[in-house]
Amino acid sequence: NVFMETLTLYARHFSEVEVKHYIAEARFIRAYTYYSLVKRYGGVPIVKTVINYPDTPPVDAQLPRNSEEEVWDFISQELDLAITDLKESIPVADKGRITKNAVYGFKSRMMLYAGSIAKYNDTFLSSEGKMLCGLPSSRAKDYFKQAYDAAKAIESKYSLYTKNWVANDKEAQYKNFYNLFFDDSSPENLFVRYYKYPDCVHGWDAFNTCMQHMAAGSSGTEICPTLDFVEMFDGLPKDNDGKFKTLDNNGKYILYDTRMGAFADAEPRLRASVIFPGDIFKGSVIDVLRGIYIGDTSNGISRLLPDGSTANYNTVNKSLLLTAANDGEKNSKIRTLSNGIKMSPAGLSGTVDAMTSTWGTISGFHIRKYMVESYTQDRLAFNKADQTWIELRYAEVLLNRAEAAIELYEMGEAATYQQEAYACVNGIRQRAGATLMTGISQLTKDVVRKERRKELAFENKTWDDLKRWRIMDDEQNNRKYRVLFPFFADGALKYFYDARTDEVNRVYNFDNRWYYQQIDGGDITRNPKLVQNPGY
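Our subject in this report is the structure included herewith. (Residues numbered from 1 in each chain as written. Predicted model: local features only at pLDDT ≥ 70, side-chain atom pairs only at ≥ 80, totals over all residues. Heavy atoms only, no water.)

## Notes on the overall build of the protein
Then, number 1: Broken down by element type, the protein carries 17 helices and 14 strands.
Then, number 2: In terms of overall dimensions, the protein is globule-like: its C-alpha atoms have a radius of gyration of 26 Å, near the 24 Å expected for 536 residues.
Then, number 3: Expressed as lengths along the three principal axes of its C-alpha atoms, the size of the protein is roughly 80 × 50 × 50 Å.
Then, number 4: Looking at the protein residue by residue over its 536 residues, the buried ones come to 53%.
Then, number 5: Contacts spanning at least 24 positions in sequence make up 70% of the contacts within the protein whose residues lie at least 6 apart.
Then, number 6: As displayed, the protein offers around 23,400 Å² of accessible surface, 50% of which is attributable to carbon and sulfur atoms. (Helix = DSSP H or I, 4+ residues; strand = E, 2+ residues; numbered from the N terminus. Rg over C-alpha atoms; globule rule 2.2 N^0.38 Å. Buried < 20%, exposed > 50% of the residue type's maximum accessible area, 1.4 Å probe, protein only. Contact = heavy atoms within 4.5 Å. Areas by Shrake-Rupley, 256 points an atom, 1.4 Å probe, with all protein chains shown as cover.)

## Let's talk about the nonpolar core
Then, number 1: Within the largest apolar cluster, 65 residues are counted, with the highest numbers of intra-cluster contacts made by Trp 72, Ile 75, Ile 98, Met 110 and Leu 443.
Then, number 2: Those residues within four positions of Leu 443 in sequence are excluded, and the remaining contacts are Ile 406, Gln 418, Ala 421, Tyr 422, Val 425, Met 437 and Val 448.
Then, number 3: Listed in part, the 20 residues of the second largest apolar core include Phe 229, Phe 244, Met 260 and Phe 276. (Core = buried A, V, L, I, M, F, W, Y, C linked by side-chain atoms within 4.5 Å.)

## Things to note about helix α6 (residues 140–152)
Helical geometry: 3.6 residues make up each α-helical turn, so side chains three or four residues apart lie on a common side.
Then, number 1: Taking 1.5 Å per residue as the helical rise, α6 with its 13 residues ought to reach 18 Å, and the 18 Å between its terminal C-alpha atoms agrees with that figure.
Then, number 2: Of all the positions in α6, only Ala 140, Tyr 143, Phe 144, Gln 146, Ala 147, Tyr 148, Ala 150 and Ala 151 are classed as buried. (Expected span 1.5 Å × (residues − 1).)

## Things to note about the packing of aromatic side chains
Then, number 1: All chains considered together, the criterion is met by 38 aromatic pairs.
Then, number 2: With centroids separated by 5.2 Å and ring planes inclined at 40°, the aromatic side chains of Phe 207 and Phe 382 adopt a geometry described as tilted. Pair noted here: Phe 207 is in helix α8 (residues 204–208) and Phe 382 is in the loop between β11 (366–367) and β12 (389–393), with a separation of 175 residues, a long-range link.
Then, number 3: Judged by relative accessible area, Phe 207 falls into the partly exposed class, the value being 38%. (Phe/Tyr/Trp six-rings, centres within 6.5 Å; stacked < 30°, edge-to-face > 60°.)

## Section: the pattern of salt bridges
Then, number 1: Counting across every chain of the model gives 51 salt bridges.
Then, number 2: Its salt-bridge partner being Glu 25, residue Arg 97 comes within 2.6 Å of it at the nearest N-O pair. Of this pair, Arg 97 sits in the loop between α4 (68–85) and α5 (100–120) while Glu 25 sits in helix α2 (residues 16–41); the two residues are 72 residues apart in sequence, bridging distant segments of the chain.
Then, number 3: Among the residues examined, Arg 97 registers a relative accessible area of 39% and is labelled partly exposed. (Salt bridge = Lys/Arg side-chain N within 4 Å of Asp/Glu carboxyl O.)

## Re the layout of surface pockets
Then, number 1: Here the largest pocket is characterised by a volume of approximately 980 Å³.
Then, number 2: What lines the largest pocket is a set of 30 residues, and nearest its centre among them are Thr 226, Phe 458, Thr 462, Gln 476 and Tyr 481.
Then, number 3: Sorting the residues of the lining of the largest pocket by element identifies α9 (227–230), α15 (462–468) and α16 (472–475) as the ones contributing at least two each.
Then, number 4: Among the elements that line the lining of the largest pocket, the one with the most residues is α15, at three residues.
Then, number 5: For the lining of the largest pocket, a count of residues per class yields 16 nonpolar, six polar and eight charged.
Then, number 6: Estimated volume of the second largest pocket: approximately 610 Å³.
Then, number 7: Residue assignment for the lining of the second largest pocket shows that the elements contributing at least two residues are α2, α3 (58–61) and α17 (521–526).
Then, number 8: It is α2 that provides the largest number of residues to the lining of the second largest pocket, a total of three residues.
Then, number 9: Residues that form the lining of the second largest pocket fall into these classes: 14 nonpolar, five polar and four charged. (1 Å grid on protein atoms, 1.4 Å probe; cavity = no way out; pocket = protein on both sides within 12 Å on 5 of 7 lines; lining within 4 Å. Points joined across faces, edges and corners; volume = space filled by probe spheres on them. Nonpolar A, V, L, I, M, F, W, Y, C, P; charged D, E, K, R; others polar.)

## What to know about α4
Then, number 1: Here α4 is 18 residues long and its end C-alpha atoms lie 26 Å apart, about the 26 Å a rise of 1.5 Å per residue gives.
Then, number 2: If you check which residues of α4 are buried, you get Glu 68, Val 71, Trp 72, Phe 74, Ile 75, Ser 76, Glu 78, Leu 79, Ala 82 and Ile 83.

## Quick notes on a nonpolar patch on the surface
Then, number 1: Taken together, the side chains of Leu 9, Tyr 10 and Phe 14 define a hydrophobic patch exposed on the protein surface, amounting to about 310 Å² of accessible area.
Then, number 2: Considering the arrangement of structural elements, one finds Leu 9 in the loop between α1 (2–6) and α2.
Then, number 3: A relative accessible area of 56% places Leu 9 in the exposed class. (Patch = residues over 30% accessible without salt bridge, like charges linked within 9 Å, V, L, I, M, F, W, Y side chains within 5 Å.)

## Some remarks on the sheet that holds strand β13 (residues 482–489)
Consider a sheet: its strands pair through backbone hydrogen bonds, and that pairing is either parallel or antiparallel.
Then, number 1: Strand order in this open sheet of four strands is β8-β7-β13-β14, and the pairing throughout is mixed. Looking at which strands have only one partner, the edges of the open sheet turn out to be β8 (320–321) and β14 (494–501).
Then, number 2: Direction of pairing for β13 relative to β14: antiparallel, over a ladder of eight bridges. Bridged to Leu 484 within β14 is Ala 499. (Pairing = 2+ DSSP bridges.)

## Brief notes about the packing of helix α12 (residues 394–410) against helix α14 (residues 445–455)
Then, number 1: Axis separation between α12 and α14 bottoms out at 10 Å; the angle between their running directions is 165°. With respect to α14, the axis of α12 lies roughly antiparallel. Read as a crossing pair, α12 and α14 show a hand that is left-handed. Residues Ala 395, Glu 396, Leu 399, Asn 400, Ala 402, Glu 403, Ile 406, Glu 407 and Glu 410 of α12 lie in contact with α14, whose contacting residues are Lys 445, Val 448, Arg 449, Glu 451, Arg 452 and Glu 455.
Then, number 2: Classifying every residue of the contact of α12 with α14 gives five nonpolar, one polar and nine charged. (Axes fitted to C-alpha atoms, helices over the stretch in contact; angles between N-to-C directions. Parallel < 35°, antiparallel > 145°, perpendicular 65-115°, else oblique. Left-handed = near helix turned anticlockwise from the far one by under 90°.)

Pasting the structure below:
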């Protein structure tokens with residue numbers, strides 16, 4: 001607000017186009033700030049002018065909350081004004097600044113959120129004739145249409161990254177999806193956050209690298225993709241319920257020559273997002289194990305634990321060699337097997353002791369997305385990474401367009417919306433190396449949502465999506481996540497996988513109140529006109 005009110009005093013130093021561009025940039029920042037607030041709290045006070053505090057009497061600075069609808073409409077208006085005056089492209093020296101087309105992309109995201117709240121939210125708070133939390137359901141179609149139009153406006157300006165993509169070549173498709181997060185010239189990038197070592201850095205790799213590559217004194221394996229997430233993708237061995245298939249028709253474990261055998265046909269996009277046990281990263285095999293099976297293998301290997309068991313492996317099955325915490329987490333005790341092979345039951349990056357370990361994967365998987373293969377050991381220490389963060393890419397805009405379109409179609413709009421959603425999703429799937437839909441009847445709203453979760457995984461989008469769809473409480477109601485651990489069978493000299501619930505038996509829940517966050521009590525003390533959100 002200060003910038004927007006005072007820039008005119010210095011306008012003589014800039015061209016009229018530049019002044020309009022700078023004001024438009026400020027409008028976008030203001031709109032984005034209100035977007036960050038409204039999705040958390042609902043309606044908040046809309047402040048369009050500078051409050052000269054403490055010169056302004058405190059009572060005049062105590063503003064009531066606007067309705068949630070007023071805030072969303074204010075955001076939409078600010079974005080439209082920004083689009084009018086922003087430049088379509090900017091000099092290389094200004095890279096990382098907002099542009100006209102990027103605002104279109106952000107508007108598709110924000111209005112999609114508003115449409116979802118109007119359609120799916122059932123938590124409301126009214127005061128003095130204003131709906132502070134919640135939106136009229138009658139506004140859903142309008143917001144979805146705004147999201148669709150904004151995404152449609154830039155369809156010829158950007159494209160999916162396909163520099164390394166080759167049809168029917170899983171290896172090329174995997175490398176293409178992995179590489180898109182490191183190519184600053186990508187036609188898919190709309191808005192990015194740049195870093196530069198050593199002046200402006202972050203710690204993504206230090207926090208997420210596997211144990212065998214960790215730098216001294218750093219942390220690792222903070223993000224462990226769950227089996228539930230992995231099972232969303234194509235190309236995996238699955239049973240009739242869509243679960244990862246670990247047992248043959250006789251109830252015995254399926255044996256593999258290598259750990260990667262189970263993932264031989266995995267969707268390339270999954271492999272580019274997640275490191276499988278036994279896959280290659282930084283030039284070495286990522287050595288993940290949960291134990292060594294030393295029992296008889298002549299008639300196959302039966303389940304290690306009963307189906308649904310939450311027991312710890314260490315306390316149940318006597319045919320397993322496991323690494324305990326007191327063996328030393330980073331130097332797992334080496335076992336000599338029957339044929340003289342020396343092997344660590346945890347491998348170099350596996351779970352040492354699920355109950356006490358602070359290192360090693362707790363799910364069987366590591367994250368690959370955004371992880372830099374070429375970083376030397378010193379760059380894996382805290383805050384030494386500098387790869388770009390892509391806040392908004394064209395794949396999300398296509399998914400925004402597809403979701404808005406299918407919502408509009410289901411609300412009675414023309415069939416062309418359904419056809420566009422179908423084309424957008426199939427375009428995303430083709431680049432991903434996933435199975436294409438073969439008919440428009442296969443497209444549903446749930447299909448669009450699932451595609452979004454796969455494509456944008458680990459990009460800080462899923463939390464907001466589950467909240468705006470108002471399904472977080474269902475998904476996180478007494479939720480226990482599943483994991484997939486590889487074991488080595490000594491007698492057969494082969495590997496097998498065991499799928500189970502999280503070994504530590506962690507339970508997750510989401511309170512319905514959290515769809516709208518609590519307003520800090522100190523803020524209400526300073527401004528009694530604020531009304532607390534429901535349930536707090």
